[in-house]
Amino acid sequence: SAVISQKPSRDICQRGTSLTIQCQVDSQVTMMFWYRQQPGQSLTLIATANQGSEATYESGFVIDKFPISRPNLTFSTLTVSNMSPEDSSIYLCSVAGLREGYTFGSGTRLTVV
Amino acid sequence: AQSVTQLDSHVSVSEGTPVLLRCNYSSSYSPSLFWYVQHPNKGLQLLLKYTSAATLVKGINGFEAEFKKSETSFHLTKPSAHMSDAAEYFCVVRKGNTPLVFGKGTRLSVIA
């Protein structure tokens with residue numbers, strides 16, 4: 001199955017600033033997904049990152065707040081912009097495998113103070 | 001649209017007793033169903049998956065799940081709980097190449 005390297009693993013940020021999270025995959029994948037896991041909650045899909053086109057955002061998530069880049073088939077970034085304490089969450093990227101199900105990055109634990 | 005409902009937010013069992021984590025799904029078509037586990041401060045790990053082959057699916061660490069179309073259920077079971085099984089468990093559904101849709105999770109506690 002694909003191996004995902006996600007960084008940073010954690011960060012503490014000041015409100016009003018932005019943080020960019022990176023995911024690098026060891027193989028080419030068509031679709032990458034970004035999820036948010038708020039404290040004590042389940043995972044919620046933020047967007048699907050497609051190479052060569054704009055990301056597709058789920059209801060409640062907008063590009064200005066969570067811009068996504070997908071420059072090639074092995075890499076994607078998610079930026080959390082103009083952060084507030086409500087953005088404190090774990091952010092995870094994921095890719096779809098052919099047979100193994102989906103693989104997840106180890107997550108980025110973000111705390112906004 | 002597909003969705004899953006995990007019927008228990010928290011399950012507590014004694015070590016050595018059976019584990020049952022319940023999940024019902026809603027899908028217009030034959031779905032793919034998964035169970036993932038998340039240990040504290042760890043990443044998500046795939047336990048098992050159902051993709052329209054055998055209805056009884058065996059996973060890692062002694063877990064298994066049975067797909068019951070008539071009941072729209074995909075409950076996770078294990079004959080004997082270990083302390084190391086204490087974690088958050090997510091039932092997940094997918095149709096085709098769409099993204100995974102997660103249930104709200106069930107926290108499993110194992111009492112010595």
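Read on for a plain summary of the structure. If you're wondering where the values come from, they're calculated on a predicted model, not measured in any experiment.

What counts, and where the lines are drawn
Residues numbered from 1 in each chain as written. Chains lettered and ligands numbered in written order. Predicted model: local features only at pLDDT ≥ 70, side-chain atom pairs only at ≥ 80, totals over all residues. Heavy atoms only, no water. Helix = DSSP H or I, 4+ residues; strand = E, 2+ residues; numbered from the N terminus. Buried < 20%, exposed > 50% of the residue type's maximum accessible area, 1.4 Å probe, protein only. Contact = heavy atoms within 4.5 Å. Lys, Arg positive; Asp, Glu negative; His and termini not counted. Charge placed at Lys NZ, Arg CZ, Asp CG, Glu CD. Buried area = accessible area lost by both parts, 1.4 Å probe. Salt bridge = Lys/Arg side-chain N within 4 Å of Asp/Glu carboxyl O. Polar contact = N/O pair within 3.5 Å; in protein donor to acceptor, adjacent residues only side chain to side chain. Nonpolar A, V, L, I, M, F, W, Y, C, P; charged D, E, K, R; others polar. 1 Å grid on protein atoms, 1.4 Å probe; cavity = no way out; pocket = protein on both sides within 12 Å on 5 of 7 lines; lining within 4 Å. Points joined across faces, edges and corners; volume = space filled by probe spheres on them. Pairing = 2+ DSSP bridges. Axes fitted to C-alpha atoms, helices over the stretch in contact; angles between N-to-C directions. Disulfide = S-S within 2.5 Å.

**Re the overall build of chain A**
Within chain A one finds 0 helices and 11 strands. The secondary structure elements of chain A, listed N-terminal to C-terminal, are β-β-β-β-β-β-β-β-β-β-β. Dimensions of chain A, computed from the C-alpha atoms along their principal axes, are close to 40 × 25 × 20 Å. Counting only residues that meet the buried cut, chain A has 50% of its 113 residues in that class. For chain A, restricting intrachain contacts to residue pairs at least 6 apart in sequence, the fraction spanning at least 24 positions comes to 51%. Computing the positive centroid from 8 side-chain charges and the negative centroid from 8, chain A places the two 6 Å apart.

**Some words on the interface of chain B and chain A**
Contacts between chain B and chain A engage 17 residues on the former and 16 residues on the latter. Summing both sides of the interface, chain B and chain A together bury roughly 1300 Å²; the carbon and sulfur share of this comes to 58%. On the chain B side of the contact with chain A, Leu44, Pro99 and Phe102 of chain B bury the most area, a combined 33% of that side's loss. At the junction of chain B with chain A, the criterion picks out 0 salt bridges. Joining chain B to chain A, the criterion identifies 5 residue pairs in polar contact (both at pLDDT 80 or more). Those elements giving two or more residues to the side of chain B that touches chain A turn out to be strand S5 (32-38), strand S6 (44-50) and strand S10 (87-94) of chain B. A class-by-class count of the residues in the side of chain B that touches chain A yields 8 nonpolar, 6 polar and 3 charged.

**Thoughts on the layout of surface pockets**
Of the voids in this model, the largest pocket is the one considered here, and its volume is about 770 Å³. Lining the largest pocket are 38 residues, and of these Gln37, Gly40, Gln41 and Ile90 of chain A together with Gln38 of chain B sit closest to its centre. Taken together, the elements giving at least two residues each to the lining of the largest pocket come down to strand S4 (31-37), strand S5 (43-50), strand S9 (89-96) and strand S11 (108-112) of chain A together with S10 and strand S12 (106-111) of chain B. Residues of the lining of the largest pocket, tallied by class, amount to 11 nonpolar, 20 polar and 7 charged.

**A few points about the environment of Gly62 of chain B**
Residues and elements named next belong to chain B. Assignment of secondary structure puts Gly62 in the loop between strand S7 (56-58) and strand S8 (64-68). Classification of Gly62 as partly exposed rests on a relative accessible area of 44%. Sequence separation of Gly62 and Ser80 is 18 residues, and the distance between their C-alpha atoms is 8.5 Å. Setting aside its immediate chain neighbours within four residues, Gly62 contacts Thr77, Lys78 and Pro79.

**Looking at the sheet that holds strand S8 (residues 75-80) of chain A**
Residue and element names in this part refer to chain A. Spatial strand order, S1-S3-S8-S7: 4 strands in an open sheet with antiparallel pairing. Sheet topology places strand S1 (4-7) and strand S7 (68-72) at the edges, where each strand pairs with a single neighbour. Taken pair by pair, the neighbouring strands of this sheet meet at an average axis angle of 15°, ignoring direction. In terms of strand pairing, S7 meets S8 through 3 bridges, oriented antiparallel. Of the residues in S8, the one forming a bridge with Ser69 is Thr77.

**Here we look at the pattern of salt bridges**
Scanning the entire structure with this criterion turns up 4 salt bridges over all chains. In this structure, Asp87 of chain A engages Lys65 of chain A in a salt bridge whose closest nitrogen and oxygen atoms are separated by 2.7 Å. Of this pair, Asp87 of chain A sits in the loop between S8 and S9 while Lys65 of chain A sits in the loop between strand S6 (56-57) and S7; the two residues are 22 residues apart in sequence, bridging distant segments of the chain. One salt bridge connects Asp8 of chain B with Arg22 of chain B, and the closest N-O pair in it is separated by 3.0 Å.

**Focus: the environment of Ser94 of chain A**
Residues and elements named next belong to chain A. One can find Ser94 in strand S9. Residue classification places Ser94 among the buried positions, given a relative accessible area of 0%. Not counting the four nearest positions on each side in its chain, Ser94 is found in contact with Ile4, Met31, Met32, Phe33, Tyr35, Tyr102, Thr103 and Phe104. A polar atom in the side chain of Ser94 sits 3.1 Å from the backbone oxygen of Thr103.

**Considering the state of the cysteines**
Two cysteines form a disulfide when their sulfur atoms are joined by a covalent bond. All names here are of chain A. Counted according to the given criterion, the structure contains 2 disulfides over all chains. Between the sulfur atoms of Cys23 and its disulfide mate Cys93 the distance is 1.8 Å. Looking along the S-S bond of the Cys23-Cys93 disulfide, the torsion reads about -85°, which is the left-handed sense. With Cys23 in strand S3 (residues 19-25) and Cys93 in strand S9, the pair connects residues that are 70 residues apart, well separated along the chain. The buried category is assigned to Cys93, whose relative accessible area is 0%. Cys13 takes part in no disulfide bond, and the closest cysteine sulfur, belonging to Cys23, lies 16 Å away.

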